[in-house]
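Residue strings, one per chain:
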Protein chains: 2
Amino acid sequence: MVQIPNTPTSADVARLAGVSRATVSYVLNNTSAVRISEPTRRRVHEAARELGYVPHAAARSLRAGHSRMVLMPAPAIPVGPLYSGFLNELQWALGRLDYTVVQYGTVGLLGDEAARAWAELRPVAVLVPGAELGPQGVRVLKRSGARAVVTLGPERVDGAHALLMDHDTVGRCAAAHLYEGGRRRIGVVVPEESGLEAYSRPRLAGVRQALSGTDAAVTELPLAYTEESAARLAAGWRESGLDAVFAYNDEYAMLLMRALQDEGLRVPEDVALIGADDLMLGRLLRPRLSTVHIELPSGRDLAELVDRAVRDPGGEPEVHKVLGASVVRRESS
Amino acid sequence: MVQIPNTPTSADVARLAGVSRATVSYVLNNTSAVRISEPTRRRVHEAARELGYVPHAAARSLRAGHSRMVLMPAPAIPVGPLYSGFLNELQWALGRLDYTVVQYGTVGLLGDEAARAWAELRPVAVLVPGAELGPQGVRVLKRSGARAVVTLGPERVDGAHALLMDHDTVGRCAAAHLYEGGRRRIGVVVPEESGLEAYSRPRLAGVRQALSGTDAAVTELPLAYTEESAARLAAGWRESGLDAVFAYNDEYAMLLMRALQDEGLRVPEDVALIGADDLMLGRLLRPRLSTVHIELPSGRDLAELVDRAVRDPGGEPEVHKVLGASVVRRESS
DNA sequence: TTGAAAGCGGTACCAT
DNA sequence: ATGGTACCGCTTTCAA
């Protein structure tokens, strides 16, 4: 009968090696303030290996009074190659600085409840994309020991560092481009899928900003990510009189372009079309899809911001504008 | 001068409420084995609220000897809407069962090192997609208290439960479809991007299986996710004599279709083309892209498997084949 | 109904 | 060079 072995602790290692728990700790952590003889070190390592000892992170950080865990909420929506690459780079960079990145699978908790749940893990830093966190939440996190709270979103939150990802810029870029191309009746696709408002609203607002005071008119175009919805939108196109559209992103743009073409409308002659995110696939369309290329901050830079903030928790919150947007003109506009 | 307040502990709450720590614990956890008077309860809740008390998860689970944390490695590659939806459902379902899902940002650690890092967090269950975990890793995790280890991948791992996501099936499906359409010289795209081998290899193998013993020939087609690479592949197409291709997935298929068409080849007359994953965007191509629709297991089912395994850690590892694949014939094949 | 106290697994100070 | 021990925050038994 095979016993399910109990999880070995440092006391087990100590016993097996014939030393004290303190010595085990010294050896396994390479504590420099203390010299342990080579034979003893070997015995300890040997014992740890033999038992398959793995230290208990919770016990360690309980004693230490802090952890090296950087927490972020796990994204609830499918995330494109751009953001995914950013995340990877960030994790890699934080890993190099000896932080452990953990994405918390927030289910349905909203704002402050979520912050409480995160705070229970006592992360040393919290990174929050979007607008999921209010000043209240920041306070909860700081109160419970988070030395840095960084938001990545449209606007700054009191008490937190901010990487301002100003999606207005994306809309402004697109609008300016269309306007310069001589378009005056400009549609803006607003996805009906939920969870996208955080991006679609500022993008729309950016278009409005760029065009306010001009002779151009802006029309909001709700669109679900289905062929039917796109066909419906395209069917009413002629009477709408729109001569250009900023389609939220490349995927919605592709969907809409197809529907417009099926309706007999010519792109870009009848309708100029531009997306955003600069997906590979946009280049495959005919006409090739114009797009707003978006530049995210480098993961390394954010990692360094986090590290700086952790080392100096008293410092003034840093606020950086970090979203670069530039038009990639292809053939659809 | 504003003091940075120390994180309040249950002792602080007890002091403020004028009761013992034990009482605080009873009240805040609604311990049913013990009756606390209503006035006391109120005082405790009041004190906790006032201090902004948040319990310390590490201390709690250290004392309890176990946690409710389900750990999975964070995906290193951008993940499509299909898998992303699956993950969300899973997290939601596990949340309902009162588990906390955490994605560990594994940087570059390979197999067993990663397992060790995960084990430090003492998760009650570990879910590992792909083939990142060997039997050694499973042992480390179980040894350190994980009551369930579940792999989601091509093959089962000793000691762990397995959700067999048999991507061979995808290849078989595609191959059978192309063969039935009368095609005999069949190409299979193998992405050059790393991290995709776990899927591309079995998909290719599936094609080989389905076609072995027939008069069809299979050709492996390395392809990077760039227009240049696709153009190069298309340029050599005529002399290759291939009359069909399974393009790994819809994205590579879209890329390749464009390149083939630009080369003057007709789809499907000259080349039948099929992708996989059934992306929305494939329907927008002309001809519409045929694809292999993939059915992932339900997140709820996996959550229940996890829960079952946690409750009965001694049970035999369950092994389920969970990948449904079916051809969606459109116009490209 | 409430409190005192032990102990979970580590770390680090102070002795020896 | 090593060991004894207090303590991190919380839960839970046992006593009062």
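Higher on the page you've got the structure.
These notes cover the structure that comes with them.

Calculation notes
Residues numbered from 1 in each chain as written. Chains lettered and ligands numbered in written order. Predicted model: local features only at pLDDT ≥ 70, side-chain atom pairs only at ≥ 80, totals over all residues. Heavy atoms only, no water. Salt bridge = Lys/Arg side-chain N within 4 Å of Asp/Glu carboxyl O. Helix = DSSP H or I, 4+ residues; strand = E, 2+ residues; numbered from the N terminus. Buried < 20%, exposed > 50% of the residue type's maximum accessible area, 1.4 Å probe, protein only. Near = heavy atom within 4 Å. Polar contact = N/O pair within 3.5 Å; in protein donor to acceptor, adjacent residues only side chain to side chain. Nonpolar A, V, L, I, M, F, W, Y, C, P; charged D, E, K, R; others polar. Pairing = 2+ DSSP bridges. Axes fitted to C-alpha atoms, helices over the stretch in contact; angles between N-to-C directions. Contact = heavy atoms within 4.5 Å. Phe/Tyr/Trp six-rings, centres within 6.5 Å; stacked < 30°, edge-to-face > 60°. Lys NZ or Arg CZ within 6 Å of the ring centre and 35° of its normal. Parallel < 35°, antiparallel > 145°, perpendicular 65-115°, else oblique. Left-handed = near helix turned anticlockwise from the far one by under 90°. 1 Å grid on protein atoms, 1.4 Å probe; cavity = no way out; pocket = protein on both sides within 12 Å on 5 of 7 lines; lining within 4 Å. Points joined across faces, edges and corners; volume = space filled by probe spheres on them.

## Topic: the pattern of salt bridges
Per the counting criterion, the structure on display carries 32 salt bridges over all chains. One salt bridge in this structure joins Arg203(A) and Asp277(A), with 3.8 Å as the shortest N-O distance. A residue pair is termed long-range when its members are at least 10 positions apart, and Arg203(A) in helix H9 (residues 197-211) and Asp277(A) in the loop between strand S9 (272-276) and strand S10 (290-295) qualify at 74 residues. The partner of Arg311(B) in a salt bridge is Asp307(B), and the shortest N-O contact between them spans 2.8 Å. Of the two residues, Arg311(B) and Asp307(B) are both situated in helix H13 (residues 299-311); the distance of four residues between them amounts to about one turn of the helix. A relative accessible area of 63% means that Arg311(B) is categorised as exposed. For Asp307(B), a relative accessible area of 10% translates into the label buried.

## Section: the protein's contact with DNA strand D
Inspection of the region around DNA strand D gives 27 residues, with Ser10(B), Arg21(B), Tyr26(B), Tyr53(B) and Arg63(B) positioned closest. Among all atoms of DNA strand D positioned within 4 Å of the protein, those belonging to sugar or phosphate total 58%. Between a phosphate oxygen of DNA strand D and a main-chain N or O atom of His56(B), the distance comes to 3.2 Å. The contact in question runs from a base oxygen of DNA strand D to an N or O atom on the side chain of Arg63(B), over 2.3 Å. Among the secondary structure elements, those contributing two or more residues to the surface near DNA strand D are helix H2 (21-28) and helix H4 (57-64) of chain A together with helix H2 (21-28) and helix H4 (57-64) of chain B. Its residues assigned to classes, the surface near DNA strand D comprises eleven nonpolar, ten polar and six charged.

## Observations concerning the sheet that holds S9(A)
Strand pairing in a sheet relies on backbone hydrogen bonds. The paired strands run either parallel or antiparallel. Residues and elements named next belong to chain A. Strand order in this open sheet of six strands is S7-S6-S8-S9-S10-S12, and the pairing throughout is mixed. Looking at which strands have only one partner, the edges of the open sheet turn out to be strand S7 (217-223) and strand S12 (324-328). On average, each strand axis in the sheet is tilted by 20° relative to the strand beside it, whichever way the strands run. Across seven bridges, strand S6 (residues 185-191) lies against S7 in parallel orientation. Its bridge partner being in S7, Pro 191 is matched across the sheet by Leu 223.

## Points about the sheet that holds strand S3 (residues 125-129) of chain A
With mixed pairing, twelve strands are arranged side by side in an open sheet as S11(A)-S5(A)-S4(A)-S3(A)-S1(A)-S2(A)-S2(B)-S1(B)-S3(B)-S4(B)-S5(B)-S11(B). Each having just a single partner strand, strand S11 (319-321) of chain A together with strand S11 (319-321) of chain B make up the two edges of the open sheet. Across the sheet, the mean angle from the axis of one strand to that of its neighbour is 20°, orientation sign disregarded. Taken together, the three bridges between strand S5 (residues 161-164) of chain B and S11(B) define a ladder with parallel strand orientation. Bridge pairing in S11(B) places Leu163(B) opposite His320(B). Sheet contacts for H13(B): strand S1 (69-73), strand S3 (125-129), strand S4 (148-153) and S5 of chain B; angle to S4(B), the most-contacted strand, approximately 150°.

## Concerning the packing of aromatic side chains
Tallying each qualifying case throughout the model produces six aromatic pairs over all chains. Ring centres of Tyr83(A) and Phe86(A) lie 5.8 Å apart, and the angle between their planes is 40°; on these two criteria the pair is classed as tilted. Highlighted residues: Tyr83(A) and Phe86(A), both in helix H5 (residues 81-96), separated by three residues, approximately one helical turn. Here Tyr83(A) and Phe86(A) have matching classes, each one buried. Note on Tyr225(A) and Tyr252(A): the rings are 5.1 Å apart at their centroids and 55° apart in plane angle, and the pair reads as tilted. Here Tyr225(A), found in the loop between S7 and helix H10 (227-235), pairs with Tyr252(A), found in helix H12 (residues 250-262); they are 27 residues apart in sequence, far enough to count as distant. We classify Tyr252(A) as buried; its relative accessible area is 5%. Through a chain of ring-to-ring contacts, the aromatic side chains of Tyr225(A), Tyr248(A) and Tyr252(A) assemble into a single cluster. Over the aromatic face of Tyr99(B) sits the side chain of Arg68(B), whose NZ or CZ is 3.9 Å from the ring centroid. Across from the ring centre of Tyr248(B), 4.9 Å away, lies the NZ or CZ of Arg203(B), which sits over that ring.

## Points about the packing of helix H5 (residues 81-96) of chain B against H13(B)
The description of two helices packed together rests on the angle between their axes and the distance between the axes. Residues and elements named next belong to chain B. Interaxial distance between H5 and H13 falls to 7 Å at its minimum, and their mutual angle equals 45°. One way to sum up the angle between H5 and H13 is to call them oblique. Crossing of H5 over H13 shows right-handed handedness. In contact with Phe 86, Glu 89, Leu 90, Ala 93 and Leu 94 of H5, H13 contributes Gly 299, Arg 300, Leu 302, Ala 303 and Val 306.

## Here we look at empty space enclosed by the protein
Overall, the coordinates contain one cavity of 30 Å³ or more when judged by the stated rule. Looking at the largest cavity, its volume works out to about 250 Å³.

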